[in-house]
Amino acid sequence: MVRGLPGLLGVVGAGQMGAGIAQVAASSGLQVLLVDRAAEQLERAAAGMRHSLAKLGRKGALSEDPEAILRRLQHATDLEALSAADYVVEAVPEGEALKAGIFRQLDGLAPPHVVLASNTSSISITRLAAATQRPDRVVGLHFMNPVPLMSLIELVRGIQTSDETFEATQRLALHLGKTTCVSLDRPGFIVNRILMPMVNEAFFALMEGVGTAHDIDTGMKLGTNQPMGPLTLADFIGLDTCLSIMRVLHANLGEDKYRPCPLLMQYVDAGWLGKKSGRGVYTYS
C-alpha cells in the first residue's frame, strides 16, 4: 500500500463509467476490485478494458504492459467482497434511490474508516451521505466520460464531508493523474449545471426546427470551438443520463429554464438512448 492511498480500491458498477474508473486506477498502480451483480456485465467490462489498454499501449500511452495492469484488477458479483476495500467508488446508473440503497449496504459492510465516494453527476452528496452512519466519510468523486481520456475530476463536498475525507479524495484524484475542480453540493454541481441546459436547449432548437441536428452541431462545434456539438455529446453521454440530470436540476432549482425538452423525453421513452443503444439523435452501426 502506498502511503496515504488505498491498498484496495473498490468500484461498484461495471458500466462504462465504473469500468473506466477501474482501468485508470489499475493503470496508476492500485489494486482494484470491480463489483457488479451481473456477471455478463463484468465480462463486457473486462473485454472493454483489455481492448482500451491494448489501444493505449499501441499509442505508447502506458508505462507498462497492459497485462500487468489487468493483473491488478479483480472482479466480484457480491457487494460483500468490498468489506476488504479501503476506499469505495460507487458508479451505478444515475438514480438517487438506487445509489442511496448501495450506500446503505456499503455502510454496513465497510470498516468505519473507509471513504464512500459517489460518481454521481448531479445528485446531492448530502442526501446520499444521510443514508449512512458515516456522513463525514462520504464525498462526490465525479469523473468525466470517457474516464481514461478525460483529465478532470469534479470533487463535491457534502455538508458533513470532513477535511480528512476531502484531502484523502484529492490525494487519490491526483494519484490517478487527474486535474480537479471543487464544487459545493448544489444540483448539477459545476459541470452539468452549465453543460446540461446547453444540451437541453439544443434539443429545443431541434424540436422547433431551428436547424437540423447536423446544422446545430456544426454551428456549436465550429462557432464556439467545442470538440463536438451538443447533440453528438448527448448521444455519447446517454440521453437517459442527460434527462435524469435535467430532472434533478428542474426539481431542485424549480425554474422553467431547467424544464426537460419534450423531444429529449420522447427519445428516451422510445429507447433511443444514444450511442450505447445504437440510436439517439443519430444512428450508430
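Bear in mind that the values here come from a model prediction, so they are computed numbers and not experimental data.

**With respect to the overall build of the protein**
Broken down by element type, the protein carries 11 helices and 8 strands. On C-alpha atoms alone, the protein measures out to a radius of gyration of 19 Å, which is about the 19 Å that the 2.2 N^0.38 rule sets for 285 residues. Counting only C-alpha atoms, the protein reaches 55 × 45 × 30 Å along its principal axes. Out of the 285 residues in the protein, the part that is buried amounts to 50%. In the protein, 68% of the contacts between residues at least 6 apart in sequence involve partners at least 24 apart. Split by element, the accessible area of the protein, about 13,300 Å² in all, is 54% carbon and sulfur. Of the side-chain charges in the protein, 26 are positive and 28 negative, and the distance between the mean point of each set is 4 Å.

**Considering the sheet that holds strand E1 (residues 8-12)**
With respect to topology, 8 strands assemble into an open sheet ordered E3-E2-E1-E4-E5-E6-E7-E8, the strand pairing being mixed. What marks the edges here is a single partner per strand, and that holds for strand E3 (73-76) and strand E8 (179-184). Averaged over neighbouring strand pairs, the angle between their axes works out to 25 degrees when direction is ignored.

**Re the domain arrangement of the protein**
Per the domain assignment, the segments of the protein are domain 1 (8-184) and domain 2 (192-273). Here domain 1 and domain 2 have C-alpha centroids that lie 27 Å from each other. The partner domain 2 presents 6 residues to the 9 residues of domain 1 that form the contact. Taken together, the two surfaces of domain 1 and domain 2 that pack against each other cover about 600 Å², and 50% of this comes from carbon and sulfur. The largest contributions to the domain 1 side of the interface with domain 2 come from Glu94, Ser121 and Ser122, which together make up 52% of the buried area.

**Focus: the UniProt feature "domain: 3-hydroxyacyl-CoA dehydrogenase NAD binding" (unreviewed entry) in the protein**
Sequence positions flagged by UniProt for "domain: 3-hydroxyacyl-CoA dehydrogenase NAD binding" (unreviewed entry) are, in local numbering, residues 10-182. Its end C-alpha atoms 23 Å apart, residues 10-182 is made of 40% helix and 21% strand.

**Things to note about the pairing of E8**
Note that strand E7 (residues 152-157) and E8 share 6 bridges and pair parallel. The residue bridging arginine 157 from the neighbouring strand is leucine 184, located in E8. In terms of handedness, the path from E7 via helix H6 (residues 163-175) over to E8 forms a crossover that is right-handed.

**What to know about the packing of helix H7 (residues 191-207) against helix H11 (residues 262-269)**
Packing of H7 against H11 brings their axes to within 8 Å, and their N-to-C directions diverge by 90 degrees. On the basis of their axis angle, the class for H7 and H11 is roughly perpendicular. Facing H7, whose interface residues are Asn200, Phe203, Phe204, Leu206 and Met207, H11 presents Pro262, Leu263, Leu264 and Tyr267. By residue class, the composition of the contact of H7 with H11 is 8 nonpolar, 1 polar and no charged.

**Here's the deal with the pairing of strand E2 (residues 31-35)**
A large share of E2 lies buried, amounting to 4 of its 5 residues. Pairing analysis gives 5 bridges linking E1 to E2, with the strands arranged parallel. Within E2, the position partnered with glycine 10 by the bridge is leucine 33. With helix H1 (residues 16-27) bridging E1 and its parallel neighbour E2, the resulting β-α-β unit is right-handed. Two strands pair when backbone bridges link them, and E2 and E3 are joined in this way by 4 bridges, in the parallel orientation. When the bridges of E3 are listed, leucine 33 appears paired with glutamine 74.

**Points about the packing of aromatic side chains**
Considering all chains together, one arrives at 2 aromatic pairs under this definition. Pairing tyrosine 267 with tryptophan 272 gives two aromatic rings, centres 5.2 Å apart and planes at 80 degrees, and the pair type is edge-to-face. Here a set of aromatic residues connected by ring pairs shows up, and it is made of Phe203, Tyr267 and Trp272. When the ring centre of phenylalanine 166 is taken as reference, the NZ or CZ atom of arginine 157 above it lies at 4.7 Å. Above the ring of tryptophan 272, the side-chain terminus of arginine 279 is found at 3.6 Å from the ring centroid.

**Some words on helix H10 (residues 239-253)**
One turn of the α-helix equals 3.6 residues, which is why residues spaced by three or four share an orientation. For H10, spanning 15 residues, the distance from its first C-alpha to its last is 21 Å, which sits close to the expected 21 Å at 1.5 Å a residue. For H10, the set of buried residues is Leu239, Cys242, Leu243, Ile245, Met246, Val248 and Leu249. Contacts from the buried residues of H10 go to H7, helix H9 (230-237) and H11.

Reading guide: rules and limits
- Residues numbered from 1 in each chain as written.
- Predicted model: local features only at pLDDT ≥ 70, side-chain atom pairs only at ≥ 80, totals over all residues.
- Heavy atoms only, no water.
- Helix = DSSP H or I, 4+ residues; strand = E, 2+ residues; numbered from the N terminus.
- Rg over C-alpha atoms; globule rule 2.2 N^0.38 Å.
- Buried < 20%, exposed > 50% of the residue type's maximum accessible area, 1.4 Å probe, protein only.
- Contact = heavy atoms within 4.5 Å.
- Areas by Shrake-Rupley, 256 points an atom, 1.4 Å probe, with all protein chains shown as cover.
- Lys, Arg positive; Asp, Glu negative; His and termini not counted.
- Charge placed at Lys NZ, Arg CZ, Asp CG, Glu CD.
- Pairing = 2+ DSSP bridges.
- Axes fitted to C-alpha atoms, helices over the stretch in contact; angles between N-to-C directions.
- Domains from an automatic or database assignment.
- Buried area = accessible area lost by both parts, 1.4 Å probe.
- UniProt positions renumbered as here; feature names shortened; annotations may be inferred.
- Right-handed = clockwise from strand over helix to strand, strands pointing away.
- Parallel < 35°, antiparallel > 145°, perpendicular 65-115°, else oblique.
- Nonpolar A, V, L, I, M, F, W, Y, C, P; charged D, E, K, R; others polar.
- Phe/Tyr/Trp six-rings, centres within 6.5 Å; stacked < 30°, edge-to-face > 60°.
- Lys NZ or Arg CZ within 6 Å of the ring centre and 35° of its normal.
- Expected span 1.5 Å × (residues − 1).

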